[in-house]
Amino acid sequence: MAKILSSYEKHVAQAAIPAGEKKVMLAALHLFAKQGFHATTTAAIASEAGVSEGTIYKYFASKKDLLSHLLTPLLTGIRNNFLLQLEQPMTLDQLVTNVVNNRLQFAIENFDLLKIFIQELLTSDNMAKTFSGLMDGTNGLLTKINQLKHRYPEINQSLSSDQIVRIFLGPLVVYIGQLELMPGQKKANADFDLQLIHCQIMSGLTTQLAG
């Protein structure tokens, strides 16, 4: 899989950027996830990273710029990787299997970063615009997802792109939330849970509802 699907912390650690910049990015990731973007000061980030506040502004114009450096490449990478996956020749069953396995593992490994993204998506106009730019347009994710209906006629053709996204994300989001709230359950029924999520998505995509 593409590098974007590895742990984000490992991705930053291996990036060809100065050590001080890495420290700042990882410290910001942990603090933003723990206490939120607005409650985190640059002084706290500097203390967590073991650097001066001046080091932060050496690499980032502002705290918002730092957040953008954390989130925008990740979102773009996720979108591009998923689009490449959609173009691979496979059955609908294989596509769902790949999405469940790969996206679930990615979300578990990068839960802190995804939590930051959700927080900012709900409160930041800039982040909402960035997200809309990735989703909409000719090359946007929603357009590509809508094309799945032509590629896989077994999909309920009355479903909109938004509805297909919800069908994919719904079971995954609930499952990830349960894993984070009840960490003792992570290994208990993992294989069965993945099969169940797969069946839920397949059923949601293919069930023909009475009009």
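Residues numbered from 1 in each chain as written. Predicted model: local features only at pLDDT ≥ 70, side-chain atom pairs only at ≥ 80, totals over all residues. Heavy atoms only, no water.

This part covers the overall build of the protein. The secondary structure content of the protein amounts to twelve helices and zero strands. Reading the helices (α) and strands (β) of the protein from amino to carboxyl end gives α-α-α-α-α-α-α-α-α-α-α-α. On the protein, roughly 11400 Å² of surface is accessible, and the fraction owed to carbon and sulfur atoms is 57%. (Helix = DSSP H or I, 4+ residues; strand = E, 2+ residues; numbered from the N terminus. Areas by Shrake-Rupley, 256 points an atom, 1.4 Å probe, with all protein chains shown as cover.)

Here we come to helix H2 (residues 19–35). The terminal C-alpha atoms of H2 lie 24 Å apart, and with 17 residues this matches the ideal 24 Å at 1.5 Å per residue to within 8%. Those residues of H2 lying buried are Gly20, Glu21, Lys22, Val24, Met25, Ala27, Ala28, Leu29, Leu31, Phe32 and Ala33. Gly36 lies just past H2 and shows a positive phi near 90°. (Expected span 1.5 Å × (residues − 1). Buried < 20%, exposed > 50% of the residue type's maximum accessible area, 1.4 Å probe, protein only.)

Leu92, Leu95, Val96, Ile201 and Leu205 are the most contacted members of the largest nonpolar core, which has 33 residues in total. At the level of elements, helix H5 (63–86), helix H6 (92–109), helix H9 (141–146), helix H11 (161–181) and helix H12 (190–206) are the ones that each hand at least two residues to this core. In this view, Leu92 contacts Tyr152, Glu154, Ile155, Met202, Leu205 and Thr206; residues no more than four positions away in its chain are not counted. Counting 23 residues, the second largest nonpolar core, distinct from the first, contains Val12, Ala27, Ala28 and Leu67. (Core = buried A, V, L, I, M, F, W, Y, C linked by side-chain atoms within 4.5 Å. Contact = heavy atoms within 4.5 Å.)

Here we take up the packing of aromatic side chains. Within this structure, the stated rule accounts for one aromatic pair. Between Phe32 and Phe37, the ring centres sit 5.2 Å apart and the planes meet at 65°, which makes this aromatic pair edge-to-face. Comparing Phe32 with Phe37, the two get one shared label, buried. The ring of Phe37 has Lys63 sitting right over it, with the charged end atom 4.5 Å from the ring centre. (Phe/Tyr/Trp six-rings, centres within 6.5 Å; stacked < 30°, edge-to-face > 60°. Lys NZ or Arg CZ within 6 Å of the ring centre and 35° of its normal.)

Looking at the protein as a whole, its pLDDT mean stands at 81, while 90% of the residues score no less than 70. At the low end of the mean pLDDT range in the protein sits helix H1 (residues 8–14), at 72; at the high end sits helix H3 (residues 42–49), at 95. For residues 1–6, every residue scores under 50 in pLDDT, and the model assigns this stretch 19 contacts once sequence neighbours within four places are set aside. (pLDDT = per-residue confidence, 0-100.)

Along the polypeptide, Asn156 turns up in the loop between helix H10 (148–151) and H11. Looking at Asn156, the relative accessible area reads 3%, which means it is buried. At 2.7 Å, the side chain of Asn156 and the side chain of Ser158 are in polar contact. A distance of 3.0 Å separates the side chain of Asn156 from the backbone oxygen of Thr207, its partner in a polar contact. Setting aside residues up to four positions removed in sequence, Asn156 forms contacts with Lys149, Leu205, Thr206, Thr207, Gln208 and Leu209. (Polar contact = N/O pair within 3.5 Å; in protein donor to acceptor, adjacent residues only side chain to side chain.)

Let us now look at the side chain of Lys63. By the secondary structure assignment, Lys63 is in helix H5. At 2.7 Å, the side chain of Lys63 forms a polar contact with the backbone oxygen of Thr40. Excluding its chain neighbours within four sequence positions, the residues that come into contact with Lys63 are Phe32, Phe37, His38, Thr40 and Thr42.

End to end, H6 covers 26 Å across 18 residues, agreeing with the expected 26 Å (1.5 Å per residue, within 8%). Regarding H6, the residues found buried are Leu92, Leu95, Val96, Val99, Val100, Asn102, Arg103, Leu104, Phe106 and Ala107.

Axis separation between H6 and H12 bottoms out at 10 Å; the angle between their running directions is 130°. Put simply, H6 runs oblique to H12. The interaxial crossing formed by H6 with H12 has right-handed handedness. Facing Leu92, Asp93, Val96, Thr97, Val100, Asn101 and Leu104 of H6, the residues of H12 in contact are Leu194, Ile197, His198, Ile201, Met202, Leu205 and Thr206. Split into classes, the residues belonging to the contact of H6 with H12 amount to nine nonpolar, four polar and one charged. (Axes fitted to C-alpha atoms, helices over the stretch in contact; angles between N-to-C directions. Parallel < 35°, antiparallel > 145°, perpendicular 65-115°, else oblique. Left-handed = near helix turned anticlockwise from the far one by under 90°. Nonpolar A, V, L, I, M, F, W, Y, C, P; charged D, E, K, R; others polar.)

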